[in-house]
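# Examination of the molecular architecture
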Amino acid sequence: APKRFGQHMFDSDCGTQYSIKAVAKATGLSVETLRAWERRYGIIEPRRDCSGRRIYTCSDVARLRRLRETTDRGHPIGKIAHLSDAELGGLLADRREDHPMSAAAQTLAIRILTAIEKYGMEECDHAIAMAFALLPIADVVSEVLCPVLQEVGERWKRGEFTVGQERLVSSSIRRQLSGLLNTYNSMAKGETVVFATISGELHELGILMFAALAASRKVRACYLGADLPPEEISNFATRVKAVAVAISMVFPENLDLNLEKLATMRKGLPENTEIWIGGAASFYADTAQFPLGSIHMAGRKDFERRIDLLTDTAI
């Protein structure tokens, strides 16, 4: 039977054994859809336990997540069922998912961008603080901060924003997320997850957002920041008895080197510590190249499901 998260040993397929009910919760697919996809398209072949019940592996769950994410973006399952993990990753990287913004989120995002245009540091701080005060943190991340950062980056590429303006908003977001993270961690009583980027990966706002999001859901989020040697991350995670290490990778050109660093980090971690891998560059990777015990996070929904599974006794 599947074991509780954090108490398992990884088998040769790199992870826990899951029941079909647990897989449905982890992937966002219904049990009926899982059975139909297996029957019609042979997307995976789950093993069976002594009672004949389906048993899924970590690799199965990762592939099902990618298939679900790809179908969410309009691709029929019949046309993508045969694709490799790398090919599915390419589809996910090439096409952005449409996240309609609420009226409140859109208004706040405009206020932040207007403040940046005017080099208004206080106005920018106030607009971001208001976003956290009015909306759930998950909505602030997905509907306000991520769209704002994307727009700022595009305007910088077009020469409409300066580096100083980009730093203005990133510094404000970093300060306020750090404050929220500290507040949430003071009340967190759940499992420990370490958040960091490995050496050479300098972009930290994405991983900081997810650390704050995890802490808001009672997980003890240990945020180490950006550009850390893999040995230091694994040593810290081992010392604090983390059940998982969350890593963000942004630049595809660093992928081969990052995979080597992840392998080094894996060697220094206990067998039952998972590695959660996300970020834009992760979509270009073949998940078979990830170290044992790795789970690909295709987005916020995957991340939130994994956080929920930390306290799911069915696993």
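Description of the structure in this document. (Residues numbered from 1 in each chain as written. Predicted model: local features only at pLDDT ≥ 70, side-chain atom pairs only at ≥ 80, totals over all residues. Heavy atoms only, no water.)

Below, the discussion takes up the pairing of strand 3 (residues 192-198). Most of strand 3 is tucked away: seven of the seven residues are buried. Burial along strand 3 is two-sided: the face carrying Thr192, Val194, Ala196 and Ile198 and the face carrying Val193, Phe195 and Thr197 are both buried. Taken together, strand 3, helix 10 (residues 205-216) and strand 4 (residues 220-228) form a β-α-β motif whose crossover is right-handed. (Buried < 20%, exposed > 50% of the residue type's maximum accessible area, 1.4 Å probe, protein only. Helix = DSSP H or I, 4+ residues; strand = E, 2+ residues; numbered from the N terminus. Right-handed = clockwise from strand over helix to strand, strands pointing away.)

Summed over all chains, the structure comprises 17 salt bridges. For the salt bridge of Arg158 with Glu160, the shortest nitrogen-to-oxygen distance reads 2.9 Å. For Arg158, a relative accessible area of 49% translates into the label partly exposed. Residue Glu160 is classed as partly exposed on the basis of its relative accessible area of 45%. Arg306 serves as the salt-bridge partner of Glu274, at 2.8 Å between the closest nitrogen and oxygen. (Salt bridge = Lys/Arg side-chain N within 4 Å of Asp/Glu carboxyl O.)

Despite not being glycine, Tyr119 has its phi angle at roughly 55 degrees, a positive value. Mapped onto the secondary structure, Tyr119 falls in the loop between helix 6 (103-117) and helix 7 (121-134). With relative accessibility at 47%, the residue Tyr119 sits in the partly exposed group. Despite not being glycine, Lys241 shows a phi value in the positive range, around 60 degrees. Residue placement: Lys241 occurs in the loop between helix 11 (230-239) and strand 5 (244-248). What makes Lys241 exposed here is its relative accessible area of 69%.

For the rest of this paragraph, the subject is helix 10. Its twelve residues give helix 10 an end-to-end C-alpha distance of 16 Å, which sits within 8% of 16 Å, the value for a rise of 1.5 Å per residue. Burial analysis of helix 10 places nine of its twelve residues in the buried class, the great majority of the element. Along helix 10, the residues that are buried comprise Leu205, Ile207, Leu208, Met209, Ala211, Ala212, Leu213, Ala214 and Ala215. Contacts from the buried residues of helix 10 go to helix 8 (137-157), helix 9 (163-185), strand 3, strand 4, strand 5 and helix 13 (300-309). Count one or two residues on from helix 10 and you reach Lys218, which has phi positive near 75 degrees. (Expected span 1.5 Å × (residues − 1). Contact = heavy atoms within 4.5 Å.)

What follows concerns the packing of aromatic side chains. Under the criterion given, the structure shown has three aromatic pairs. Judged by centre distance (4.8 Å) and plane angle (75 degrees), the rings of Phe210 and Phe303 are edge-to-face. Here Phe210, found in helix 10, pairs with Phe303, found in helix 13; they are 93 residues apart in sequence, far enough to count as distant. These aromatic residues form a ring-pair network of at least three members: Phe195, Phe210, Trp276 and Phe303. (Phe/Tyr/Trp six-rings, centres within 6.5 Å; stacked < 30°, edge-to-face > 60°.)

With that settled, consider the nonpolar core. In this structure, Leu64, Ile112, Ile116, Val193, Phe195 and Trp276 are the most contacted members of the largest nonpolar core, which totals 71 residues. Ranked by residues supplied to this core, first place goes to helix 10 with nine residues. Beyond its immediate sequence surroundings of up to four residues, Ile112 is in contact with Cys124, Ala127, Ile128, Val144, Val148 and Val169. Ranked by size, the runner-up nonpolar core spans 21 residues in total, among them Val194, Leu255, Leu262 and Ile275. (Core = buried A, V, L, I, M, F, W, Y, C linked by side-chain atoms within 4.5 Å.)

The next thing to look at is the packing of helix 8 against helix 9. For the pair helix 8 and helix 9, interaxial distance at closest approach is 10 Å and the crossing angle is 160 degrees. Judged by the angle between their axes, helix 8 and helix 9 are roughly antiparallel. At the point where helix 8 passes helix 9, the crossing takes the left-handed sense. Note on element contacts: helix 9 touches helix 8 through Val163, Glu166, Val169, Ile173 and Tyr184, opposite Ile137, Leu145, Val148, Leu149, Val152 and Trp156. Its residues assigned to classes, the contact of helix 8 with helix 9 comprises ten nonpolar, no polar and one charged. (Axes fitted to C-alpha atoms, helices over the stretch in contact; angles between N-to-C directions. Parallel < 35°, antiparallel > 145°, perpendicular 65-115°, else oblique. Left-handed = near helix turned anticlockwise from the far one by under 90°. Nonpolar A, V, L, I, M, F, W, Y, C, P; charged D, E, K, R; others polar.)

Take the sheet that holds strand 5 next. Taken together, the five strands give an open sheet; going across it, the order is 4-3-5-6-7, and neighbouring strands pair in parallel fashion. Two strands bound the open sheet, and with one partner strand each, they are strand 4 and strand 7 (294-296). Each strand of the sheet is rotated relative to its neighbour by a mean of 20 degrees, with strand direction disregarded. The strands touched by helix 10 within the sheet are strand 3, strand 4 and strand 5, with strand 3 carrying the most contacts at an inclination of about 175 degrees. Lying on the sheet, helix 12 (residues 255-267) is in contact with strand 3, strand 5 and strand 6 (274-278); it crosses strand 6 at an angle near 160 degrees. (Pairing = 2+ DSSP bridges.)

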